[in-house]
Amino acid sequence: MSSCNILCSYQFYSSCNNVKPHIGSFKNSNFSQSWSNRTHGSSYFHKNSQLGRNNFVIVKASDSTTSRKQVEITYNPEEKFNRLADEVDREAGLSRLTLFSPCKINVFLRITGKRDGGYHDLASLFHVISLGDKIKFSLSPSKSKDRLSTNVAGVPLDERNLIIKALNLYRKKTGTDKHFWIHLDKKVPTGAGLGGGSSNAATTLWAANQFSGCIASEKELQEWSGEIGSDIPFFFSHGAAYCTGRGEVVQDIPSPIPFDIPMVLIKPQQECSTAEVYKRFQLDLSSKVDPLSLLEKISTSGISQDVCVNDLEPPAFEVLPSLKRLKQRVIAAGRGQYDAVFMSGSGSTIVGVGSPDPPQFVYDDEEYKDVFLSEASFITRPANQWYVEPVSGSNCGDQPEFSTSFGKS
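Residues numbered from 1 in each chain as written. Predicted model: local features only at pLDDT ≥ 70, side-chain atom pairs only at ≥ 80, totals over all residues. Heavy atoms only, no water.

1. Here we look at the nonpolar core
By size, the foremost hydrophobic cluster in this structure holds 63 residues, and its most contacted members are Ile182, Phe234, Ile266, Leu323, Leu326 and Trp386. Residues within four places of Ile266 in sequence aside, it is in contact with Leu326, Val330, Ser348, Thr349, Ile350, Pro358, Pro359, Val362, Val371, Phe372 and Leu373. Counting 32 residues, the second-largest nonpolar core is a separate cluster that includes Val107, Ala192, Val307 and Ala340. (Core = buried A, V, L, I, M, F, W, Y, C linked by side-chain atoms within 4.5 Å. Buried < 20%, exposed > 50% of the residue type's maximum accessible area, 1.4 Å probe, protein only. Contact = heavy atoms within 4.5 Å.)

Okay, structure coming up:
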């Protein structure tokens with residue numbers, strides 16, 4: 001007479017129905033269990049059940065005298081659930097998205113002329129860096145308003161915010177009616193010359209386009225973005241660009257700077273009014289060096305103090321004399337620690353390239369107890385993808401305040 005040994009491994013779990021994991025049992029059988037998680041497929045099924053593609057049921061019957069295997073059946077009972085999950089994915093579309101919104105520095109910034117209307121022509125090497133915000137997007141059930149919240153007090157949450165402006169712009173250009181709940185986890189300080197708000201706007205346009213099935217090209221997003229901010233088009237480059245005009249004329253270039261060069265960002269609490277800085281700018285007193293020669297020198301010889309020219313430093317230092325003193329002290333205290341020390345944009349961030357560490361006086365002096373500090377590195381993005389925060393990125397300056405607002409569009 002033959003005996004039958006049955007080995008069964010199967011898992012079913014449903015958090016939606018509060019069903020606990022259960023394994024069936026067979027009398028007079030040896031039983032073993034194995035568990036595995038489904039690694040891909042619908043987010044709905046991933047949330048509400050865990051079905052492993054490797055789960056299986058094996059039934060074996062053997063003759064006890066000859067030990068000869070007579071029957072072997074393998075069955076994958078959850079495969080149809082996985083197929084159903086994949087179909088739900090295809091039908092449901094995107095409902096949530098979290099994106100990294102990095103800031104930039106101006107490695108050099110030349111002001112080359114003045115236009116009618118108060119605008120200035122510039123020529124600058126913009127480069128994305130690893131410090132950035134995170135923005136969480138969710139589709140809103142409402143088709144009449146967006147909701148924006150943030151972790152930082154004082155950030156406008158209505159149409160004054162470039163995130164809301166970007167959503168309104170996208171709907172105007174494409175005719176879509178999607179509205180969103182957005183949470184901005186802000187790490188880039190405001191009034192820093194780092195383009196944090198411009199990056200938020202570009203990231204929002206990218207996100208809105210993803211939710212709409214990418215009906216607009218990157219080139220269209222870049223062109224549209226110039227309508228709400230001069231620095232926004234740059235972020236649709238691959239992360240390194242020679243920018244001219246008001247900043248909206250963007251020429252993608254291969255990154256001329258190694259990604260392993262560290263930097264430190266030091267921003268005092270005081271901000272420089274961009275309008276006031278440009279008001280004090282005097283074209284005839286600015287640098288006369290050819291910006292293309294600066295770009296070529298950086299590409300061939302790397303970053304050095306003499307190539308990191310910023311024509312807005314003198315007027316910014318007039319607006320905020322303490323900023324000039326900070327730069328001078330960083331240079332003096334660094335003692336060769338930095339390849340270059342310069343101001344980004346119109347201020348008020350001082351950048352030290354070559355080391356992630358600030359000088360000791362920043363920690364010791366009472367005057368600098370409230371400065372924003374962050375290490376950073378240069379980054380770019382692959383084609384057809386948005387920027388990704390480096391795993392080793394270190395962002396400082398988190399603030400616990402939380403505020404929220406509902407804005408009509």
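2. Quick word on the packing of aromatic side chains
When we look at a pair of aromatic rings, we describe it by the centre distance and by the angle of the planes. Enumeration over the complete set of coordinates arrives at 8 aromatic pairs. Residues Tyr170 and Trp224 carry aromatic rings whose centres are separated by 6.4 Å and whose planes lie at 65° to one another, so their mutual orientation is edge-to-face. Taken together, the residues Tyr170 in helix 3 (residues 162-174) and Trp224 in helix 5 (residues 218-225) connect sequence positions 54 residues apart. Given the relative accessible area of 13%, Trp224 is considered buried. (Phe/Tyr/Trp six-rings, centres within 6.5 Å; stacked < 30°, edge-to-face > 60°. Helix = DSSP H or I, 4+ residues; strand = E, 2+ residues; numbered from the N terminus.)

3. With respect to the sheet that holds strand 10 (residues 262-267)
One open sheet holds the 4 strands; their spatial order is 11-12-10-13, and the pairing between them is antiparallel. Of all strands in the sheet, those with a lone pairing partner are strand 11 (340-343) and strand 13 (372-377), marking the two edges. Sheet twist, expressed as the mean angle between neighbouring strand axes with direction ignored, is 20°. Note: strand 11 against strand 12 (residues 350-353), 4 bridges, orientation antiparallel. (Pairing = 2+ DSSP bridges. Axes fitted to C-alpha atoms, helices over the stretch in contact; angles between N-to-C directions.)

4. Structural notes on the pairing of strand 6 (residues 145-150)
Direction of pairing for strand 6 relative to strand 7 (residues 180-185): parallel, over a ladder of 4 bridges. Looking at the pairing, Arg147 lines up with Trp181 of strand 7.

5. What about the confidence of the model for the chain?
Confidence in the prediction of the chain, expressed as mean pLDDT, is 81, and 73% of residues score 70 or more. Counting contacts from residues 1-60, a segment whose pLDDT is below 50, to residues more than four positions away or on other chains yields 107 contacts. The low-confidence segment residues 393-409, where pLDDT is below 50, has 52 contacts with residues more than four positions distant or belonging to other chains. (pLDDT = per-residue confidence, 0-100.)

6. Observations concerning helix 5
Buried within helix 5 are the following residues: Leu221, Gln222, Trp224 and Ser225. For helix 5, the arc enclosing every buried residue in end-on projection is 165°, short of the 170-degree limit, so these residues lie on one face. Along its buried surface, helix 5 packs onto helix 3, helix 4 (196-211) and strand 9 (249-252). (Arc of directions from axis to C-beta.)

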